[in-house]
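The residues making up each chain are set out below.
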Amino acid sequence: MLATLLPPAVVAVEAFTDDPDAVLFPEEEATLARSVDKRRREFTTARVCAHRALAGLGVPPVPVLRGPRGEPQWPSGVIGSITHCAGYRAAVVARSTDIVTVGIDAEPNEVLPEGVLDQIALPEEHDWLGPLMRGDPAVHWDRLLFSIKESVYKAWFPLARRWLGFEDAAITVDPLGGTFSARLLVDGPVLPGGVPPGRGQRNHDLSALPEARVPERLTGFTGRWLARNGLVITAITVPGR
């Protein structure tokens, strides 16, 4: 399912069950010393997905450890994202020369727990959520909003290396086209690689150099979503410049 939301440069691996015989790298296993069984199973299967995705990209097997904020730490030259929820685990990877950043999230297609929507939704998001929730109850649009904001954070953090709250991005959803957009309400980081002179912000000194590129600041994301098999899945990719 996940691969349908992603460009060909991204390798996606997903799993719907846990393999009790799955083996982690010793460094990965060490991070689970105090974990309960549920956490151990979801972490293990998600990491196995990551290992298989890296293999699909032609990258030698390496442990995928957690960074200071729990983010997966990928080999040099690789970007990626991991998600897991009840009955689903997935990982995606790509070459950083092809894709600047990627963020994925999967959630059960169920109503959010009471009180959560008020914590994550902006007033403008409530405006479009209400009609959709009344008009198409087959999709739990509140849960989709939550998933989108999770994908936004996962795509944001590798670029900005700082926190992004639920209130820091305004989401709009195309319910028929299966797409969404996220408008950042805080200053975004400068994207690696920039843009050719003459596109976006101009810099006359740089434009005199044929190979010069003008820095471009991130202002938002676009992505795709689907609701299938009891899940809502969201994905964001930013292509290389």
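For the structure, check the block above.
Conventions adopted
- Residues numbered from 1 in each chain as written.
- Predicted model: local features only at pLDDT ≥ 70, side-chain atom pairs only at ≥ 80, totals over all residues.
- Heavy atoms only, no water.
- Helix = DSSP H or I, 4+ residues; strand = E, 2+ residues; numbered from the N terminus.
- Contact = heavy atoms within 4.5 Å.
- Pairing = 2+ DSSP bridges.
- Axes fitted to C-alpha atoms, helices over the stretch in contact; angles between N-to-C directions.
- Core = buried A, V, L, I, M, F, W, Y, C linked by side-chain atoms within 4.5 Å.
- Buried < 20%, exposed > 50% of the residue type's maximum accessible area, 1.4 Å probe, protein only.

**Some details on the side chain of Thr 44**
Alright, step 1. Mapped onto the secondary structure, Thr 44 falls in helix α2 (residues 37–56).
Alright, step 2. Residues in contact with Thr 44, not counting those within four places in the same chain, are Ala 22, Leu 24 and Leu 32.

**Focus on the sheet that holds strand β1 (residues 11–15)**
Alright, step 1. Across the sheet, three strands lie side by side as β1-β5-β4; this open sheet has antiparallel pairing. Looking at which strands have only one partner, the edges of the open sheet turn out to be β1 and β4 (78–85). Looking at each pair of strands side by side, their axes are set apart by 10 degrees on average, direction ignored.
Alright, step 2. Judged from the five bridges that link them, β1 and strand β5 (residues 88–95) form a sheet pairing that is antiparallel. Bridging across to β5, Glu 14 finds its partner in Ala 90.
Alright, step 3. Sheet contacts for α2: β1, β4 and β5; angle to β5, the most-contacted strand, approximately 30 degrees.

**Thoughts on the nonpolar core**
Alright, step 1. In this structure, Trp 141, Leu 145, Val 152, Trp 156, Ile 171, Val 173 and Phe 221 are the most contacted members of the largest nonpolar core, which totals 35 residues.
Alright, step 2. Listed by contribution, the elements that provide at least two residues to this core are α3 (116–120), α4 (123–135), α5 (141–160), β7 (169–174), β8 (179–184), β11 (220–228) and β12 (231–239).
Alright, step 3. In terms of nonpolar packing, the next biggest core, distinct from the first, is built from 19 residues, Leu 5, Val 10, Ala 90 and Ala 235 among them.

**A short note on the sheet that holds β12**
Alright, step 1. The five strands are arranged β6-β12-β11-β8-β7 in an open sheet whose pairing can be described as antiparallel. Only two strands of the sheet have a single partner each, and these edge strands are β6 (99–108) and β7. Across the sheet, the mean angle from the axis of one strand to that of its neighbour is 20 degrees, orientation sign disregarded.
Alright, step 2. Judged from the six bridges that link them, β11 and β12 form a sheet pairing that is antiparallel. From the neighbouring strand, Gly 223 faces β12, where its bridge partner is Ile 236.

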